[in-house]
Each structure stands twice: as structure tokens, then as C-alpha cells.
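A look at the structure
Read off the chains here:
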Amino acid sequence: MGERCCAAVVRVLVLQAAWALSGGQVRYSVPEEAKAGTVVGRLAQDLGLEAGEAEARRLRLVAPGRRASVEVSGASGALLVSSRLDREELCGKSAPCALRLEVLLERPLRVFHVQLEVTDINDNAPVFPAARKNLSLSENSPPGFPFPLEGASDADIGANAQLTYTLSPSEHFSLDLQKSNDGNIEPELVLTKSLDRETIPVHRLVLTATDGGRPSLTGTMELVIYVLDSNDNRPQFNPSVYKVQLPESAEVGTLLTRVNATDADEGLNSELTYTVTNFIPPRGKDVISINPNTGEILLTGALDFEEGKVFNFRIEASDKGTPPLSGHCKVVLEVVDVNDNAPEVWVTSLSVPVPEDASLGTVVALLSVSDRDSGENGRVRCWVWPASPFGLEATFAGSYSLVLREALDRERVSEYEVEVRAEDGGAPALRASRGLRVPVSDVNDNAPLFAQAVYTVLARENNAAGAELARLWARDPDEAANGRVSYSVWDGGLGVGGGGGAAGSSSSFGGGWRPASSYVSVDAESGRLWALQPLDYEELQVLQFEVRAVDAGEPPLSGNATVQLFVLDENDNAPALLPPAGSAAEAGGVAAAAEAAVALAGAGSESGTLWAWAAWGAPAGQVVAKIRAVDADSGYNAWLRYELWEPRGKGPFRVGLYSGEVSTARALDEADGPRQRLLIVVRDHGEPARSATATLSVSLLEAAEAALAAGSSSSSSSLAAVSRSAAGVELGAGAASAATNVWLVVAICAVSSLFLLAVVLYGASRWAPRAAVLSAPGPTTLVCASEVGSWSYSQRHSRSLCVADGAAKSDLMVFSPNFPPPPTAPAAKDAQPEPSALLDTVKPLRTRFVPVISEKAQSILAYGSWQLGRRCGACEAAEQRTVSLQAQERVRVGDSAPVRRRARL
């Protein structure tokens, strides 16, 4: 503690001594750039003030004439730096730099002088007059040529202001330092190597000045040395080759490129003009032009990739120096393809027409496809439309074959319109097409086909020869000769269905078979069916044959059609009277006449007159005769009616309108005379009607004479009457009363009649012909008689049996196969067909009865013989009913042999 007190005392003493020595001034030293708040010195303490006294006496600083950079702290009395101190600003280059300050102290007021020295620090770098120095030097300047430079200055003083200079490295320049008279160092720039402006047109160097401070500060100046030009360089293009790609669709006036040549020289030596000196190919002159000043190359003509893909141009650039120098470059123009060309399709070979039987894979055409574009634009895809029946096959690049993929049918499609389409791979894609017309040639693969398999033709008989019956038509879808059809009647296996002959005819059916070509003919070209001769229904009712249609192809094909020709009946036949039953004609075998025999007790024919006998006293309705007639026609044309023409009025006889039976209209008496002549007209129902006339002579006799006449003239009739009586057929009632002489006649005739009857019966039992049924296949004509008359009925493919006599008639129809088989043996050429051959060959079924006469029967013959004549009609009817029943039984059991029965009286 004592030591501290001693130190303080000593310090006070020292300050007092110093104060005394200085005459009351205080000196402080502070470096420049001291921070604000830095304590410069303890001013209050140095002035000998006690603690707190400086604040009490208001110690403060007064800086006359300038801004003070220091201040006095009122609390501590210390001298503080209040703002930046810059020695160079305060004193410049003066040394030392001292600031004089006045300090006021009140109570009492006293003034103190304070000297503040600001010491220098190296805070200022050397500074050149300019940061950049531009120099110009000809490139022809020799080495060693000096260039004086201005030196730098430093605001500091002393060692901090001592400068040294350095130059940035350069092979062309160096720095030479010269000391001036005032002791300053002056730098000089010296050329050490020749300059080349084209190599280095501007040299940039840095001159650095360094002061002697610690640490040292530097200043720099940039030296820009421009090398002045001389025309010693040619213009140069960079690059030397310009490659330009331009689409062929580019418009005229498009900028291709801008060529640029550089001349290392400058000024007029570097001013260039451009020209085109060479065009490859030569037509490139019309493609481009160049601006001589700017070097812009413009498109002056249209481009076409397909005509030229590459153009080469040589460009020349010339300067304006003396002498002028020039340089060259090459411009390569590549034309870029665009999809501006559609594919092209060419037909190199076409093989048409194509046969419709061509095999699959047959080459129809060869095609060539190309696209002038390239790349994807030139890649072509091809196809065929429609997709069938043809297709495309690629043979090699750009070549295709049009081949057959499906079978052809000319009759379905005779010609194809084929379109070959091509599409390239550009965007957008372009298309092209080529149309082909492919006709299909015909082969004979279709047979003629008739419109109908069966033709039904109706033709009236008695047509004119050469009349057209029908027109046949066969279609052949082939063409030309393959579709040209010719018609012909095919005779193979064909037959003619003939009609039956007249009643009683015994001709065989074999004579009716004739080739169809003898009746009809067909036109080979038109198919018209002609009749070669008039047709006769009675000869021919149906004709079936085949017509063949043959084409002219190779090999020929044919088709058949069946023609069924039906002959329609005309009323061209008049009724024909049949001979009486039991006549020579009937015995000769006219079978058809037998079923319609005249049921007369005794009938004869003399000079075309029919004879009959009737007894006086015969009651009304007694049948005395029957007129038999037949009409070769059929249907209504064969339906007959009978009319009594003479005598007219109320005569003793009448004729059944449709039966032809001649019966008594009333009871006969002697007043009617011994003989009656009747004229009967037989008329059919055709249009116009045809007729025949029969004359019947009826003799009126006594009952016994009539019986004898009937017995002598026709024993067969008497036997038939007896047979019918024995079969249970009732006879009509006798006369109401018989005269006495009748018994006498009976007694006289009884013996003779008995003998005669016995002889006749014996002969009849020995020589009576057997009943026969003849039939033949084929179409028939049914001739029958019923209670409405005799008429003819025609039905195809049938066999007919008919009973012609009797009051109660019935028809029986038996059907046969459609067409008759051909005859087993040909008919003799000289054989003349009987009339029955023109009609159906249906033989009447007739049964002969062989009676056995008992003794009881003989005893009554004397009485019964005279009544045979008047009962013959009823007996004949009974016989016919019996025959009809027998025929029905025969057909039912299928027995083809004649039915023979024995009847007993």
C-alpha cells in the first residue's frame, strides 16, 4: 500500500514538472484511423483534477476552426476519439501532423492547451493518374522502342510513400525505371519483340506500384497497347466449309446461311466483299444468290430433292487493301426430302382374262411400285381393295405380283374392278392407286337347266301339222359357245300311251308304241315344241318324252326335262251303231260290242235295218229291243242320247233317252198293225253334236208266234233268259187275260219247241265260248251304258271294266301304273290295226251260263217258251247284273282268269 502511494506521488510530481516545463500544454499522440471511443489520454488526471472534479467544473474541449475528431468524457475526464482520424485529410503530406486543442475548465475558468499528434499508418495505396492507359504502336515498330509512362503517387509519408514498379509478364514488352531529378522513379515501357497485329492486335499489360509500408500496399494501371495494322493478311473464313440443310419445300427468299470471312487487318484492309465463284452442279446458279456486303445467301429457285440432293458453291471474300487480298470457303447445300411425292403404281404385265377355273396362286398381273421420296417418305406399303379374291405378294423391292387367292365363278362375278393402293410412310402419308379391270373368262362348268323339271302341255286333237305346242327354255349361265343351248327330243326309253281300240277289237297294245320324235319336234335353237302331225285323241291320249338341252362347250354338258303332252278330246267322231248281240261281228271277237249287245229276243239285220218281234197284248213298258251305239270320243263328246225320230206323236213304242231301250209305250193290240218301223237318232253331247241313225223294224205277232220266232232266231237269248230265270230273276207279270187260241198255239208248238230247245241247249253246252277278260296296260277308254245312256269316259293310267246292259248298271275302275311298258315284240308292218286298237283294249267281261235242264223244267217248257220273248228284256237285265257282280268279285279277289259259274234252273 505504501508502494502504491509512493508511485502516485512520483507520478504527480512528474506531471507537475512536465506542466511546468511546457508552460501549461499537454501533448498526446494517437494513430490515424483509430476507432471511435479510443482513449487518447486521461486529460483530467493529467491536468491535476480530482475525481469528479472534471464533471463538476464542466471540463470540455474547444476546437476552433475545424471539426474536432476527439472529445472529453465528462464523467471520467478522458480524451476520447469521437470520429475517424485521417492524417492525410488533416495534414496531407505535412509531417508531423499536430492538432492544437483548447480545454475549458470552470469555477474558476481556466484554459488549457492540448497538442494532439496524429501519427501516419500505411493506409493509402499507390495511385496512378489513370486506371487505364491506351497506347498505339505500329506493328512495324522495331524492338527497343521506349514508351514513357506516368508514375504513381502515395498519400502516405515516409517509408509508406516510397514506391517500386513491376510490369506484368510479356514477351513483347519490358519495364525500365528511370530516376528523375527530384528523386522520384519514373517507369518506361520498352518493346523487346516485334509486334504482329493479326496475332495480337492489342496487348494488355498491368503496371503495379508498391509502397514501402508494412504491410505494403500496391496500385495498378492497365496498359492497353494497340498494334496498328498494315495489309499483310488475307481474309479468312471460319469455318472453311459451311453445311446447310434446307427442306425441298422451302420458299424462294429463304435465308440459307450467312458466310463470314475475317481479315486480320483492319480498316480498309479488313473491309470485305463476297462473291460466288463456282456452282456445282451448274444449275445451282438459279438456286442461290449472295449479298456481297453481308455474305447472306438467299434461295432464289425452287428445290427438288428428287432432281438434286446436294449443291456445292465456292464463295470468295476480297479486302480493299493495296494490293487486295482474298480468301475462299465452300458452301454445301443439302436438300432435305419432304413427303411431296405420292407413290407411283405401274402395271408391268397383265394376264387377262383369267379362266374361272384358274388355280389358287395364279399370277394375274405384275406391278411396280416406287416413291421418289427417300427414307420413311419413300417406304411404300401396298394392298389390294377389295381384299378378295385377289392378293398381293412381294417378289422383291418395289415389285409385286397380283395373285389369285380365292376360287372364281364367272356366273357370279364376270368381271372384277381391282384397285391396288399404295401408301408411303411420310407424315402426312400420301396415297396412290391403280385400277385394274380383270375379266373372268368362261369355262363350260354349268349344264343347261330347264325352268321346270316337268312340263305339262295340253294340246287339242286334230291340230295342224307344225302347230306350236309349247316353248321350252333351258338356262345355261355360261357364255358364248358354252352357254349356247341346242334342244332335241330324246327318244331313248320313251313311249307313247295309246288309246284303246273300238269295242270288239283284238289288236294288241304293242302297235301303239312309237318314238316320240314321230309326233313332236323341238326347234334346236328356240326350244319351241312343234307337232309333226295332227294328234288324235282316240289314238294318243298322253305322250311323255324327254327334251335334252346340250350346250356347245367342250366337253358338252346337257340337261333334261320331262314333257307330258296331254291330248284334249274334240268331238270329231260320230256315234257308231253296234251290231246286234250274237251277230257274226260279235262272234268274230269284237269284245267291246258284246257288253252293249241289243237284248232282243230275236233280232236280225237286213240292209242296215234291225229286226225285233213283239207279241200282241204286251203290256206297257215291255222292252222289245235295245239300240247299241258307241262314240270313240270321251266325256261329254261320248255321252249319247237316243231320240225316236219316226214315228212322231203317240206311237206304240218309246226309246229310253240315255239307255237306248225300245219299249212299249202302251199295250199292243191288233190295231197297231203287223209291223212298226222306227227311226231312232243317236246323238252325242259334243259341240257341235254328231249323230247316227238306226232303223228298227218291229214285227207284231201272236204270243206263240213271237215265242217261236224268238226261239228259232236266237237260242242263246232263250238260254240266257232261262238262266236268268233260274238265277232268281223275277219275270214280269203276264197279260191280264189270255185268249183261248193262245193255248192252242202253245199246245201245237210245245212239242216242236221242246225238241228244238233240247237240240239248242245241247249245242250251247258243247260249243258255247268261254268268257274272257282281256286287258292291257296304259290309258283306257271306258265305254259303258247306264240308265242315263251310253257314254265314253277317259281316264289316264287306268284299267276299266264296264257292264253295258241292264237297268241297274255300275262302273268299275281299276288303276294301273303311270305308263305302260314297251311292247315285247314289234307289230307287223303290214298289220292293219282294227278300230278297237284306237280305243282302250279293254275286253268286256262276259259270262256264259251253261244251264242244266231238269225234268221238271222240261215239263213247263211248253208254257214258258212263248213268254220268253216278252220277258227277254228283264232276263237280259238280270244277266247283266250277274255279270257285273261276277266282275266285281273277280277284281276283288285278283283272279285274272274268266269267272265261270253254273246256274241251275
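Residues numbered from 1 in each chain as written. Predicted model: local features only at pLDDT ≥ 70, side-chain atom pairs only at ≥ 80, totals over all residues. Heavy atoms only, no water.

1. Notes on the overall build of the chain
When helices and strands are tallied, the chain shows twelve helices and 54 strands. Buried residues in the chain amount to 44% of all 905 residues. Within the chain, residue pairs in contact and separated by at least 24 positions form 70% of the contacts whose partners lie at least 6 positions apart. Of the roughly 45,600 Å² that the chain leaves accessible, carbon and sulfur atoms contribute 53%. (Helix = DSSP H or I, 4+ residues; strand = E, 2+ residues; numbered from the N terminus. Buried < 20%, exposed > 50% of the residue type's maximum accessible area, 1.4 Å probe, protein only. Contact = heavy atoms within 4.5 Å. Areas by Shrake-Rupley, 256 points an atom, 1.4 Å probe, with all protein chains shown as cover.)

2. What to know about the confidence of the model for the chain
Taken over all residues, the pLDDT of the chain has a mean of 74, while the share at 70 or more is 71%. Here residues 584-607 scores under 50 on pLDDT; set against residues more than four positions off or in separate chains, the count is 81 contacts. When the criterion is pLDDT under 50, residues 770-905 qualifies, and its contacts beyond four places in sequence or with other chains add up to 332 contacts. (pLDDT = per-residue confidence, 0-100.)

3. Quick word on a nonpolar patch on the surface
On the surface, Val347, Leu350 and Val352 cluster together to form a nonpolar patch covering roughly 190 Å² of accessible area. Locating valine 352 in the fold gives a position in the loop between strand E24 (344-350) and strand E25 (354-355). For valine 352, a relative accessible area of 35% puts it in the partly exposed group. (Patch = residues over 30% accessible without salt bridge, like charges linked within 9 Å, V, L, I, M, F, W, Y side chains within 5 Å. Salt bridge = Lys/Arg side-chain N within 4 Å of Asp/Glu carboxyl O.)

4. Digging into the pattern of salt bridges
This structure, assessed with the given rule, holds 21 salt bridges. The shortest N-O distance in the salt bridge between arginine 197 and glutamate 266 comes to 3.8 Å. In this pair, arginine 197 sits in the loop between strand E12 (185-191) and strand E13 (202-210) while glutamate 266 sits in the loop between strand E18 (261-263) and strand E19 (272-280), placing the two residues 69 residues apart along the sequence. You can call glutamate 266 partly exposed: its relative accessible area is 36%. One salt bridge in this structure joins glutamate 468 and arginine 471, with 3.8 Å as the shortest N-O distance. The network of salt bridges with common partners includes Arg410, Glu411, Asp442 and Glu479.

5. Describing the packing of aromatic side chains
What the rule picks out here adds up to ten aromatic pairs. Arranged with centres 5.5 Å apart and planes meeting at 65°, the rings of tyrosine 636 and tryptophan 639 form a pair that is edge-to-face. A relative accessible area of 59% places tyrosine 636 in the exposed class. The structure contains a cluster of three or more aromatic residues connected by ring pairs, namely Phe279, Phe311 and Phe313. Note that arginine 548 overlies the ring of tryptophan 490, its terminal NZ or CZ placed 4.6 Å from the centroid. (Phe/Tyr/Trp six-rings, centres within 6.5 Å; stacked < 30°, edge-to-face > 60°. Lys NZ or Arg CZ within 6 Å of the ring centre and 35° of its normal.)

6. With respect to the side chain of serine 401
Among the secondary structure elements, serine 401 is positioned in strand E29 (residues 399-404). Not counting the four nearest positions on each side in its chain, serine 401 is found in contact with Val363, Ala365, Leu366, Gly391, Leu392, Glu393 and Thr395.

7. A few points about the environment of asparagine 444
Checked against the element boundaries, asparagine 444 lands in the loop between strand E31 (431-441) and strand E32 (449-450). Separated by 32 residues in sequence, asparagine 444 and aspartate 476 have C-alpha atoms that sit 9.4 Å apart. In contact with asparagine 444, not counting residues within four places along its chain, are Asp476, Asp478, Asn482, Asp551, Gly553, Glu554, Pro555, Pro556 and Leu557. At 3.2 Å, the side chain of asparagine 444 and the side chain of aspartate 551 are in polar contact. (Polar contact = N/O pair within 3.5 Å; in protein donor to acceptor, adjacent residues only side chain to side chain.)

8. With respect to the pairing of strand E28 (residues 390-396)
As paired strands, E28 and E29 are joined by six bridges and run antiparallel to one another. Along E29, the bridge assignment pairs phenylalanine 390 with leucine 404. Adjacent in sequence and paired antiparallel, E28 and E29 are bridged by two residues, among which glycine 398 carries a positive phi angle near 80°. (Pairing = 2+ DSSP bridges.)

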